[in-house]
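Survey of secondary and tertiary structure
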Amino acid sequence: MRNVLKVLVSSRIYILAILGISLYIAISQLHISLWFVLLGGAITGVVFGKVFCRWVCPMGLIMELMMSLSPDGKVRQMYQYHKVGCPIAWISGWLNKFSFLRIHLNQDSCITCGKCDKQCYIVAMEPQKFSLYKPGMEEPGSSYTCSKCLQCVAACPNGSLKYSAKRKIS
Ligand code: SF4
Ligand code: SF4
């Protein structure tokens with residue numbers, strides 16, 4: 001399962017390209033109502049959290065391509081962190097706290113290597129406030145800003161972070 005997640009995370013931009021272009025065609029050529037897109041974004045938010053922006057959205061694809069041209073990684077981080085997005089982002093970002101699948105830490109097996117935090121743009125922007133593994137700090141995965149890139153989970157060397165339905169993992 002972990003290997004599947006790693007493949008998905010490393011292929012995310014291609015998945016976003018396929019889904020984003022398909023959605024654009026559905027909206028522009030098949031005249032799918034934006035209300036259906038909004039409903040779909042909200043439903044995926046209930047199950048997965050805020051996955052729409054970085055896995056499905058055509059605008060998200062354009063923004064990512066533009067940001068990849070930026071030589072300054074800070075600009076990319078700031079966009080990812082501060083984007084206020086659209087109604088889908090507002091709803092699904094809020095649902096990050098309540099979604100069925102969420103990022104969970106097994107503190108017992110964590111070796112505090114910090115690799116997860118190094119992958120996270122939320123931690124990069126506010127290292128005093130957020131951490132995926134440090135006790136007493138806010139979980140970035142539950143914040144509005146987390147767009148479920150899942151790079152933190154993929155980076156964990158021993159599976160202490162999981163994107164799952166269970167609150168406690170072993
Ligand atoms: S999925 Fe992980 S690395 Fe990506 S933004 Fe959320 S907490 Fe940070
Ligand atoms: S990458 Fe995994 S083992 Fe390392 S600090 Fe994060 S949760 Fe702990």
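Data block above holds the structure.
Think of each chain on its own: its residues are numbered from 1, step by step along the sequence as written. Numbering of ligands from 1 and lettering of chains from A proceed in the order in which they are written. A pLDDT threshold of at least 70 governs which residues receive local features in this predicted model, and a stricter bar of 80 or more applies before side-chain atom pairs are shown or counted, although totals over entire chains, interfaces and linings include all residues. Think of the side-chain values as coming from all heavy atoms in the structure, minus any hydrogens and water.

Considering the site of ligand 2
- Note on terminology: near, applied to a residue and a molecule or strand, indicates that one of the residue's heavy atoms is within 4 Å of it. In the vicinity of ligand 2, 14 residues are found, and the nearest of them are Cys110, Cys113, Gly114, Cys116 and Cys156.
- The distinction between a cavity and a pocket rests on a 1 Å grid over the protein atoms alone: a 1.4 Å probe fits inside a cavity but cannot get out, while a pocket stays open yet meets protein on both sides within 12 Å along at least five of seven lines, and a residue with an atom within 4 Å of a point counts as lining. A molecule is counted as occupying a cavity or pocket when more than half of its atoms fall within 2 Å of that pocket's grid points. When atom positions are compared with the pocket grids, ligand 2 is found to occupy the second largest cavity.
- Residues are grouped as follows: nonpolar covers Ala, Val, Leu, Ile, Met, Phe, Trp, Tyr, Cys and Pro; charged covers Asp, Glu, Lys and Arg; every other residue, Gly included, is treated as polar. Its residues assigned to classes, the shell around ligand 2 shows 9 nonpolar, 4 polar and 1 charged.

Considering empty space enclosed by the protein
- Grid points are joined across faces, edges and corners, and a volume is the space filled by probe spheres set on the points. Taken as a whole and assessed by the stated rule, the structure comprises 3 cavities of 30 Å³ or more.
- Considering only enclosed or pocket space, the largest cavity measures out at about 90 Å³ in volume.
- Along the wall of the largest cavity there are 14 residues; nearest its centre are Cys120, Cys146, Cys149, Leu150 and Cys152.
- Residues belonging to the lining of the largest cavity are distributed by class as follows: 10 nonpolar, 3 polar and 1 charged.
- Space inside the second largest cavity adds up to approximately 80 Å³.
- Lining the second largest cavity are 14 residues, and of these Cys110, Cys113, Cys116, Cys156 and Ser160 lie nearest its centre.
- Of the residues contributing to the lining of the second largest cavity, the split by class is 10 nonpolar, 4 polar and no charged.

Examining the pattern of salt bridges
- Note on definitions: salt bridges are taken to be side-chain nitrogens of Lys or Arg within 4 Å of carboxyl oxygens of Asp or Glu. Taken as a whole and assessed by the stated rule, the structure comprises 2 salt bridges.
- When the shortest N-O distance is used, the salt bridge between Glu64 and Arg12 registers 2.7 Å. Note that Glu64 is positioned in helix 5 (residues 58–69) and Arg12 in helix 2 (residues 12–28), a separation of 52 residues in sequence.
- Think of it in three bands: residues with accessible area under 20% of the maximum for their type are buried, residues over 50% are exposed, and the middle band is partly exposed, with areas taken using a 1.4 Å probe on protein chains only. Its relative accessible area of 6% is what places Glu64 among the buried residues.
- For the salt bridge of Arg54 with Glu64, the shortest nitrogen-to-oxygen distance reads 3.4 Å. A residue pair is termed long-range when its members are at least 10 positions apart, and Arg54 in helix 4 (residues 52–55) and Glu64 in helix 5 qualify at 10 residues. The numbering of helices and of strands both runs from the N terminus, where a helix is a DSSP run of H or I of at least 4 residues and a strand a run of E of at least 2.

Considering the packing of helix 2 against helix 5
- Fitted lines through C-alpha atoms give the axes, limited to the stretch in contact for helices. The angle between two N-to-C directions lies from 0 to 180 degrees. Following both chains from N to C, one finds helix 2 and helix 5 inclined at 135°, their axes separated by 8 Å at the closest point. By the criterion of interaxial angle, the relationship of helix 2 to helix 5 is oblique. Helix 2 and helix 5 meet at a crossing whose hand is left-handed. Residues Arg12, Ile13, Leu16, Ala17, Gly20, Ile21, Leu23 and Tyr24 of helix 2 form the contact with helix 5, whose participating residues are Pro58, Gly60, Leu61 and Glu64. To sort the angles, those under 35 degrees are grouped as roughly parallel, those over 145 as roughly antiparallel, those from 65 to 115 as roughly perpendicular, and the leftovers as oblique. Crossings are assigned a handedness: left-handed for a near helix turned anticlockwise from the far helix by less than a right angle, right-handed for a clockwise turn. Should any heavy atoms of two residues lie within 4.5 Å, those residues are considered in contact.

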